[in-house]
Structures are given as structure tokens and as C-alpha cells.
Amino acid sequence: MGLVIVFFLGVLNFAAHKAVLESGHRLLSQAPWFFQPLGGRFSLVVEFVLLLGAMIAIAGGSAAWSWIYILYSALNVASAWLISSGRV
């Protein structure tokens with residue numbers, strides 16, 4: 001069950017991340033140099049690695065990682081909403 005929840009949260013994180021990348025917000029130009037390749041889309045690779053790592057840990061029996069990923073997702077979606085809506 002934890003894998004399914006984390007997978008759907010991963011889809012939500014990718015959608016939020018993509019929305020931020022397409023928003024053209026001024027914060028994107030201030031991203032560190034290692035996120036700049038591929039027009040900022042390298043950060044989607046980092047997002048995938050986080051999701052994959054969390055899913056491997058959860059499949060290995062670590063329930064704590066599901067809670068960590070849920071917290072990460074909540075913060076990620078909230079910050080994406082703030083950036084995309086222009087509140088930041």
C-alpha cells in the first residue's frame with residue numbers, strides 16, 4: 001500500500017515540478033549551476049532519483065521512508081503552489 005501512495009505522490013511531485021519550470025518565475029534563474037543543464041530539466045532527474053530511492057526503501061520494509069516522502073511531497077506541492085501562483 002505504501003508503494004502505491006508514494007507512486008501517486010511522485011506523480012503529483014512531477015506535475016508540481018513541471019508547473020514551476022513552465023512558470024518562468026525569477027527564482028529559476030537563481031538555481032544552482034548544477035540544475036541549469038537541459039534548461040532546468042535536470043532537476044526532474046533529481047526528482048526521479050528521490051522517488052526511486054523512496055520506493056526502493058519502502059519495498060525493503062522501511063515504513064519511515066513513506067512518512068518522509070509524504071512530508072517531502074506536502075512541502076514540495078505547497079512551495080510549487082506558492083511559486084506558480086506568484087505569491088513568492
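Reading guide: rules and limits
- Residues numbered from 1 in each chain as written.
- Predicted model: local features only at pLDDT ≥ 70, side-chain atom pairs only at ≥ 80, totals over all residues.
- Heavy atoms only, no water.
- Helix = DSSP H or I, 4+ residues; strand = E, 2+ residues; numbered from the N terminus.
- Expected span 1.5 Å × (residues − 1).
- Axes fitted to C-alpha atoms, helices over the stretch in contact; angles between N-to-C directions.
- Parallel < 35°, antiparallel > 145°, perpendicular 65-115°, else oblique.
- Left-handed = near helix turned anticlockwise from the far one by under 90°.
- Contact = heavy atoms within 4.5 Å.
- Nonpolar A, V, L, I, M, F, W, Y, C, P; charged D, E, K, R; others polar.
- Polar contact = N/O pair within 3.5 Å; in protein donor to acceptor, adjacent residues only side chain to side chain.
- Core = buried A, V, L, I, M, F, W, Y, C linked by side-chain atoms within 4.5 Å.
- Buried < 20%, exposed > 50% of the residue type's maximum accessible area, 1.4 Å probe, protein only.

1. Brief notes about helix 3 (residues 63-84)
So, step 1. Across its 22 residues, helix 3 extends 32 Å between first and last C-alpha, which sits within 8% of the 32 Å expected from 1.5 Å per residue.
So, step 2. Phi turns positive, to about 80°, at Gly 86, one or two residues after helix 3.

2. Some remarks on the packing of helix 2 (residues 42-59) against helix 3
So, step 1. The interhelical angle for the contact between helix 2 and helix 3, taken along N-to-C directions, is 155°, at an axis separation of 9 Å. Taken as axis vectors, helix 2 and helix 3 run roughly antiparallel relative to one another. For helix 2 against helix 3, the interelement crossing comes out left-handed. In this structure, helix 2 contributes Glu 47, Leu 50, Leu 51, Ala 54, Ala 57 and Ile 58 to the contact, and helix 3 contributes Trp 65, Ser 66, Tyr 69, Tyr 72 and Asn 76.
So, step 2. When grouped by side-chain class, the residues that make up the contact of helix 2 with helix 3 number 8 nonpolar, 2 polar and 1 charged.

3. Points about the side chain of Ser 66
So, step 1. Mapped onto the elements of the fold, Ser 66 is located in helix 3.
So, step 2. Within the structure, the side chain of Ser 66 is placed 2.5 Å from the backbone oxygen of Ala 63, a separation counted as a polar contact.
So, step 3. Here Ser 66 is in contact with Val 6 and Ile 58, once residues within four sequence places are set aside.

4. Some thoughts on the environment of Val 20
So, step 1. Here Val 20 is to be found in helix 1 (residues 2-23).
So, step 2. Separated by 60 residues in the primary sequence, Val 20 and Ala 80 place their C-alpha atoms 5.9 Å from one another.

5. Re the nonpolar core
So, step 1. Membership of the largest hydrophobic core is limited to 6 residues, which are Val 6, Leu 9, Leu 51, Ala 54, Ile 58 and Tyr 69.
So, step 2. Among the secondary structure elements, those contributing two or more residues to this core are helix 1 and helix 2.
So, step 3. Tallying contributions element by element places helix 2 first for this core, with 3 residues.
So, step 4. Once residues lying within four places of it in the same chain are set aside, the contact partners of Ala 54 are Val 6, Trp 65 and Tyr 69.

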